[in-house]
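Breakdown of the fold
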Amino acid sequence: MKNPIQMIKQCNDNDEPYFLLRGKDLCALPAIEKYYDMVKFVVKDPYFIEEIEQIMMDFRAFRAEQEQKTHIPD
């Protein structure tokens with residue numbers, strides 16, 4: 001998996017917008033699930049598809065462990 005800190009730095013260096021989702025964000029998992037569906041439809045690189053699937057699974061596991069603590073972050 002790519003280093004998110006490095007990716008954010010590259011975006012900042014290039015004035016490129018980016019979007020960050022946290023595990024505690026109530027809307028993060030549904031957003032990632034929709035993104036994953038679109039990736040499967042558009043992207044041909046199986047490694048990238050697997051990366052997104054793993055991220056989605058990580059968010060699902062976190063959600064299952066932290067159900068009472070998910071909310072819209074400040």
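One can find the structure itself at the top, above this paragraph.
Reading guide: rules and limits
Residues numbered from 1 in each chain as written. Predicted model: local features only at pLDDT ≥ 70, side-chain atom pairs only at ≥ 80, totals over all residues. Heavy atoms only, no water. Helix = DSSP H or I, 4+ residues; strand = E, 2+ residues; numbered from the N terminus. Core = buried A, V, L, I, M, F, W, Y, C linked by side-chain atoms within 4.5 Å. Buried < 20%, exposed > 50% of the residue type's maximum accessible area, 1.4 Å probe, protein only. Contact = heavy atoms within 4.5 Å. Patch = residues over 30% accessible without salt bridge, like charges linked within 9 Å, V, L, I, M, F, W, Y side chains within 5 Å. Areas by Shrake-Rupley, 256 points an atom, 1.4 Å probe, with all protein chains shown as cover. Salt bridge = Lys/Arg side-chain N within 4 Å of Asp/Glu carboxyl O. Polar contact = N/O pair within 3.5 Å; in protein donor to acceptor, adjacent residues only side chain to side chain. Expected span 1.5 Å × (residues − 1). Arc of directions from axis to C-beta.

Once that is clear, we can look at the environment of Glu67. Among the structural elements, Glu67 can be located in the segment after helix H3 (46-65). In this structure the C-alpha to C-alpha distance between Glu67 and Phe48, which are 19 residues apart in sequence, comes to 28 Å.

Among the nonpolar cores identified, the biggest contains nine residues, and these are Ala28, Leu29, Ile32, Tyr36, Val39, Ile49, Ile52, Met56 and Phe59. At the level of secondary structure, the elements contributing two or more residues to this core comprise helix H2 (28-42) and H3. Residues in contact with Ala28, not counting those within four places in the same chain, are Leu21, Arg22 and Phe59.

This next bit is on the environment of Ile49. By the secondary structure assignment, Ile49 is in helix H3. Considered as a pair, Ile49 and Ala64 are 15 residues apart in the sequence and their alpha carbons are 23 Å apart. In this structure Ile49 touches Tyr36, Val39, Lys40 and Val43, once residues within four positions along its chain are discounted.

There is a patch of nonpolar side chains on the surface, built from Met38, Phe41 and Val42 and spanning about 350 Å² of accessible area. Considering the arrangement of structural elements, one finds Phe41 in helix H2.

A positive phi angle, close to 50 degrees, is found at Asp15, a residue other than glycine. By the secondary structure assignment, Asp15 is in the loop between helix H1 (4-13) and H2. Judged by relative accessible area, Asp15 falls into the exposed class, the value being 72%.

If you check the start of H1, you find a side-chain oxygen 2.9 Å away from the backbone N of Ile5, and it comes from Asn3. Phi turns positive, to about 50 degrees, at Asp15, one or two residues after H1.

If you check H3, its first and last C-alpha atoms are 29 Å apart, about what 20 residues at 1.5 Å a residue would give, namely 28 Å. When we look at burial in H3, the residues that qualify are Ile49, Glu51, Ile52, Met56, Phe59 and Arg63. Here the buried residues of H3 occupy an arc of 160 degrees about the axis, which is enough to place them on one side. Of the exposed residues in H3, those oriented more than 90 degrees away from the buried face are Pro46, Glu50, Ala64 and Glu65. Those residues of H3 that are buried are in contact with H2.

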